[in-house]
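# Fold and contact review
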Amino acid sequence: MSSVAVLGLGTMGQALACALLRAGHNVTVWNRTAGKDRALVAKGAIRATSIHDAIRENPIIIVCVLDYSAVHAVLEPVEHELSRRAIFNLTTSTPDEARSMSAWAEARDINYIDAGIMAMPPQVGTNMAFILYSGAAEDAFKENRPLLEAMGKAHYVGADPGLASLLDLAMNGTALGMLGGAVHAITMVSTKGVKAADFTRSLLVPYLNLIAEFIPHLAKQIDSGDYTKDVASKLSQMSIGFATIRKASRDANVSTELLDPLQTLIDRRIASGFPNDELSGIHEELKLSD
């Protein structure tokens, strides 16, 4: 069993600490705001009265705070005490922020790995959770993998410190788009008294699972650059169908704000001369010019 400090005890930080405690690790906890450690201490965590105490006896540091400004605010005052320690930063960031943080750590002889958590707090520590890790300190990842696995399946994705963040944000963008679409669908059917729980369980989730199987087909088209190969539905057809969904929404007094941007992209791709593309063709419309 390893000795590890968890810095940051928000909802996710507490979930990470709990998972490490369940796995039998010696866990020291610290938070800038006092009082958030009570439940963890009751479960066996060690309370640190200062960040110096938190890191003094722990060669492994887990950081999970609000943002990268908070990461710097937490670590910079103790930077001289972090040399040769392994820091796994599970704070949500942009790729550029992760790379900047990695450069800061490397200059101070800190073994730094950035990470992206692919789970909600209640899923942390279960077989549903997985966490992406990236950075030059691959040896630190390999050495501490058993500990990291306690929080979720651990995937090292490469030496680029920003890669875990990029993959994390891309997938979470997908999730938010899907969840937003689900809320729109539920709002539509609720106007006619359809119960959200019944609709979701019996129809919506099975349909979304079916549609998810179509994503690899779109990915293959994007990789090849050919958006017209084995097309199941042309953009010209999809535009009409999507416009109908939006009209039905407005007829039911439901806003189409979640749907309008996608209609704009579809119609712009058609106007650019590609009506026979699959939906994958809007990949070109999403690229910003330099």
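My aim in this report is to walk through the structure given alongside it, one point at a time. This structure is a prediction, so every number in the text was calculated from the model and none was measured. (Residues numbered from 1 in each chain as written. Predicted model: local features only at pLDDT ≥ 70, side-chain atom pairs only at ≥ 80, totals over all residues. Heavy atoms only, no water.)

### Description of the packing of aromatic side chains
Under the criterion given, the structure shown has three aromatic pairs. Ring geometry for F88 versus Y133: centroids 6.1 Å apart, planes at 90°, classification edge-to-face. You can see F88 sitting in strand β5 (residues 86-89) and its partner Y133 sitting in strand β7 (residues 130-134), a full 45 residues away along the chain. When the centroid spacing of 5.4 Å and the interplanar angle of 35° are considered together, the rings of F141 and Y156 count as tilted. Taken together, the residues F141 in helix α6 (residues 138-143) and Y156 in strand β8 (residues 153-158) connect sequence positions 15 residues apart. Grouped by ring-pair contacts, the aromatic residues F88, Y133, F141 and Y156 constitute a single cluster. Of note, R269 hangs over the ring of F274, and the distance from its end group to the ring centre comes to 3.7 Å. (Phe/Tyr/Trp six-rings, centres within 6.5 Å; stacked < 30°, edge-to-face > 60°. Helix = DSSP H or I, 4+ residues; strand = E, 2+ residues; numbered from the N terminus. Lys NZ or Arg CZ within 6 Å of the ring centre and 35° of its normal.)

### Section: helix α8 (residues 163-190)
Taking 1.5 Å per residue as the helical rise, α8 with its 28 residues ought to reach 40 Å, and the 40 Å between its terminal C-alpha atoms agrees with that figure. The set of residues buried in α8 consists of A164, S165, D168, G180, A182, H184 and A185. Tucked into the core, α8 has its buried residues touching α5 (95-106), β6 (111-118), β7, β8, α9 (196-212) and α11 (235-251). (Expected span 1.5 Å × (residues − 1). Buried < 20%, exposed > 50% of the residue type's maximum accessible area, 1.4 Å probe, protein only. Contact = heavy atoms within 4.5 Å.)

### Remarks on the nonpolar core
Counting residues in each nonpolar core, the largest one holds 37 residues, and the members touching the most others are I62, F88, L90, Y133 and M151. A total of eight residues in this core trace back to one element, the largest contributor, which is helix α1 (residues 11-22). If we ignore the near neighbours within four places in the chain, the residues touching M151 are L16, A19, L20, I62, L90, V124, G125, A129, I131 and Y133. If you look at the next biggest cluster of nonpolar residues, it comprises 24 residues, including A48, I61, V65 and I87. (Core = buried A, V, L, I, M, F, W, Y, C linked by side-chain atoms within 4.5 Å.)

### Some thoughts on the pairing of strand β4 (residues 60-63)
Burial along β4 is two-sided: I60 and I62 facing one way and I61 and V63 facing the other are all buried. By the bridge criterion, four bridges tie strand β1 (residues 3-7) to β4 in an arrangement that is parallel. Bridging from a neighbouring strand, A5 pairs with I61 of β4. Sheet analysis places β4 next to β5, joined by four bridges and oriented parallel. In the sheet register, V63 faces β5, and the bridge partner there is N89. Traced from β4 through helix α4 (residues 68-75) to β5, the parallel crossover comes out right-handed. (Pairing = 2+ DSSP bridges. Right-handed = clockwise from strand over helix to strand, strands pointing away.)

### Quick notes on the sheet that holds β1
Pairing within the open sheet is mixed, and its eight strands lie in the order β3-β2-β1-β4-β5-β6-β7-β8. Strands at the two margins of the open sheet, each flanked by one partner only, are β3 (46-47) and β8. Lying on the sheet, α4 is in contact with β1, β2 (26-30), β4, β5 and β6; it crosses β5 at an angle near 155°. Against the sheet, α5 contacts β5 and β6, and its axis sits at roughly 155° relative to β6. (Axes fitted to C-alpha atoms, helices over the stretch in contact; angles between N-to-C directions.)

### Things to note about the packing of α4 against α5
Where α4 meets α5, the axes come as close as 11 Å, and the angle between the chain directions of the two elements is 15°. What the angle tells us is that α4 and α5 run roughly parallel. By crossing handedness, the relation of α4 to α5 is classed as right-handed. From α4, Y68, V71, H72 and L75 reach across to α5, where they touch E97, A98, M101 and W104. The residue makeup of the contact of α4 with α5, split by class, is six nonpolar, one polar and one charged. (Parallel < 35°, antiparallel > 145°, perpendicular 65-115°, else oblique. Left-handed = near helix turned anticlockwise from the far one by under 90°. Nonpolar A, V, L, I, M, F, W, Y, C, P; charged D, E, K, R; others polar.)

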